[in-house]
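# Close look at the chain arrangement
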Amino acid sequence: MLKKPTAIFIVPTNYSALREKGVLNILNDREEHGKFKKIIVIHPFAKKTQKIFYSKIQEIHEFKYSFSNNFLRFLLLPIHVLKILIFVKKLCKNIKIDFVRAQDPYVSGMLGLIIAKSLKCKLCISIHADYDKRHLLDRKFGAPKICGSRFLAKQIEKLNLGSSDLLLPIRESLKQKLIKNGFLENKIEVFPHIVNLNHYKLKPNRLFFERNKISPKTKMISFSGRFSKENYIYDYIKIAKNFIDNKDIKFVMAGDGVEMAEIKKIIENDNKLKNKILLLGFVDFQEVRNLRQLSYINLSLMGGFSLIECCASGRPTISYKVEWHSELIENERTGYLVKENDYLEVCKIINKLIKTPKEALILGKKAKKKTLQKHNYSLNKNKRIQIYQKLLK
């Protein structure tokens, strides 16, 4: 970019959540190594109102908005949006904003559209998931709703996407879905996440076994991610039950989510499952890396970042053949892709890999090589800059 742009990013999260998850590096990545003059980040749905001067380039403005009642949340939304708009207009009175980037096509997209129109600048919207598929998997929590309505959310999504100057799906499969839905290909650019996988080149800390009271001889089958229906979380329990009498295998599950309480209940009420499945709860990214690298097999039936990290671990990964997974996994070459919900086939593959440790090792090494090449940090960094240049032409 010849001129360093000034941009507004609208992101449906908050600073404390990013810090707790250990992913503040996302904020650093956003600055694209100093390619921006200034970035103003709006967190419209935070736990408290505050201003954070994160760096010389980036400042974060959080607005408190928290209601357990969906109707009240929707009813007061226009007032909240107006409040943010007035704030942004005042803040940017003497600043020329080059573009607004909204991190989802729903409320963030709507707020982005209003701000972009008000400031007479460009708008781009990120698409991070196949929201329709997520809704099919979990009608309660899978995809965004407006006032409890998925239909209303879809109408807002259509308006926002149609009004955007550039659409930024994070994967090729999402791009193809946008084209299928009638959006122009020349207004769509696959915008890769910056995934720095250098830590997966390090050796794992084998103290993981001692900390979690697991024998180093145990063959761990692991999952790490959100405990949600859209991640097929209950299929992991079904898979574990098929190995209930195999003393050499331990299922280890890390993470948290809306289904955690129910998963705990199922395990607590079954003495055999209690001995077979270890729930770690939420752990930091270093412990997740240890888990994936020390596992005999990684299970990522549905995954985004988690699937990438599983494949970078050097251990074999089994996944369902859904969404974008075939973009990363070549079946029987860099992992296994199984028909959706066919957990019995997953069990067969686990048994096969247990009996063929050399094949498991080769599979893991091939997956790691492909993943590190595909998600090359420098290559993706440069591509992102090129996309911003296209937006600003």
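Note: the structure precedes this text.
What comes next concerns the included structure. (Residues numbered from 1 in each chain as written. Predicted model: local features only at pLDDT ≥ 70, side-chain atom pairs only at ≥ 80, totals over all residues. Heavy atoms only, no water.)

To continue, consider the overall build of the protein. Within the protein one finds 17 helices and 13 strands. Projected onto its principal axes, the C-alpha coordinates of the protein cover approximately 65 × 45 × 40 Å. For the protein, with 393 residues in total, the buried portion stands at 51%. Counting only contacts in the protein whose residues sit at least 6 apart along the sequence, the fraction spanning at least 24 positions is 65%. Surface accessibility of the protein: about 19600 Å² in total, with carbon and sulfur atoms responsible for 53%. (Helix = DSSP H or I, 4+ residues; strand = E, 2+ residues; numbered from the N terminus. Buried < 20%, exposed > 50% of the residue type's maximum accessible area, 1.4 Å probe, protein only. Contact = heavy atoms within 4.5 Å. Areas by Shrake-Rupley, 256 points an atom, 1.4 Å probe, with all protein chains shown as cover.)

Here we take up the environment of isoleucine 86. Relative to the helices and strands, isoleucine 86 resides in helix H4 (residues 77-91). Between the alpha carbons of isoleucine 86 and leucine 159 there is a distance of 22 Å; along the sequence they are 73 residues apart.

It is characteristic of soluble globular proteins that their nonpolar side chains tend to be buried jointly. By size, the foremost hydrophobic cluster in this structure holds 40 residues, and its most contacted members are Ile8, Ile42, Val88, Val100, Ile115, Leu119 and Leu167. Listed by contribution, the elements that provide at least two residues to this core are strand S1 (6-10), strand S2 (38-46), H4, strand S5 (99-102), helix H5 (107-119), strand S6 (122-127), helix H7 (150-163) and helix H8 (172-180). With 6 residues, the top contributor of residues to this core is H5. Excluding anything up to four places from it in sequence, leucine 119 contacts Ile8, Val88, Lys89, Cys92 and Ile97. Core analysis: the second largest hydrophobic core is formed by 36 residues, Tyr232, Leu273, Val338 and Ile349 among them. (Core = buried A, V, L, I, M, F, W, Y, C linked by side-chain atoms within 4.5 Å.)

Counted by the stated rule, this structure contains 22 salt bridges. The partner of aspartate 130 in a salt bridge is lysine 177, with the nearest N and O atoms 2.6 Å apart. Linking aspartate 130 in the loop between S6 and helix H6 (131-137) with lysine 177 in helix H8, this pair joins segments that are 47 residues apart in sequence. Note on aspartate 130: relative accessible area 18%, which makes it buried. Of the charged contacts, one joins lysine 272 and aspartate 245 as a salt bridge, the two residues approaching to 3.7 Å between their closest N and O atoms. Of the two residues, lysine 272 is situated in helix H12 (residues 271-276) and aspartate 245 in the loop between helix H10 (233-241) and strand S9 (249-254); the sequence distance between them amounts to 27 residues. Bridged by salt links that share partners, the residues Asp130, Asp132, Arg150, Lys154, Glu157 and Lys177 form one connected network. (Salt bridge = Lys/Arg side-chain N within 4 Å of Asp/Glu carboxyl O.)

Moving on, we come to the packing of H10 against helix H11 (residues 260-268). Relative orientation of the contacting elements H10 and H11 amounts to 15 degrees, with a least axis distance of 11 Å. What the angle tells us is that H10 and H11 run roughly parallel. Of the two possible hands of crossing, H10 and H11 adopt the one that is right-handed. Of the residues in H11, those touching H10 at Ile233, Tyr234 and Ile237 are Glu262, Ile263, Ile266 and Ile267. Tallied by class, residues from the contact of H10 with H11 come to 6 nonpolar, no polar and 1 charged. (Axes fitted to C-alpha atoms, helices over the stretch in contact; angles between N-to-C directions. Parallel < 35°, antiparallel > 145°, perpendicular 65-115°, else oblique. Left-handed = near helix turned anticlockwise from the far one by under 90°. Nonpolar A, V, L, I, M, F, W, Y, C, P; charged D, E, K, R; others polar.)

Our focus in this paragraph is the environment of glutamate 340. Considering the arrangement of structural elements, one finds glutamate 340 in the loop between strand S13 (336-338) and helix H15 (343-355). Residue class for glutamate 340 comes out partly exposed when judged on its relative accessible area of 28%. Not counting the four nearest positions on each side in its chain, glutamate 340 is found in contact with Lys133, Leu137, Tyr232, Tyr320 and Val322.

Let us look at the side chain of threonine 317. Looking at the secondary structure, you find threonine 317 in strand S12 (residues 317-320). A relative accessible area of 1% places threonine 317 in the buried class. A distance of 3.5 Å separates the side chain of threonine 317 from the backbone oxygen of cysteine 310, its partner in a polar contact. If we skip the residues at most four places from it in the chain, threonine 317 touches Asn298, Ser300, Leu307, Cys310, Cys311, Ile329, Gly335 and Tyr336. (Polar contact = N/O pair within 3.5 Å; in protein donor to acceptor, adjacent residues only side chain to side chain.)

Let us now look at the sheet that holds strand S11 (residues 297-299). In a beta sheet, neighbouring strands are held together by backbone hydrogen bonds and run either parallel or antiparallel to one another. With parallel pairing, 6 strands are arranged side by side in an open sheet as S10-S9-S8-S11-S12-S13. Across the chains shown, the open sheet's two edge strands, defined by having one partner strand only, are strand S10 (277-281) and S13. When strand polarity is set aside, the average angle formed by the axes of neighbouring strands in this sheet is 25 degrees. Examined bridge by bridge, S11 and S12 share 2 bridges and lie parallel to one another. Counted as the bridge partner of asparagine 298 is threonine 317 from S12. Those strands touched by helix H13 (residues 285-294) are strand S8 (219-224), S9, S10 and S11, and its axis lies near 140 degrees from that of S8. (Pairing = 2+ DSSP bridges.)

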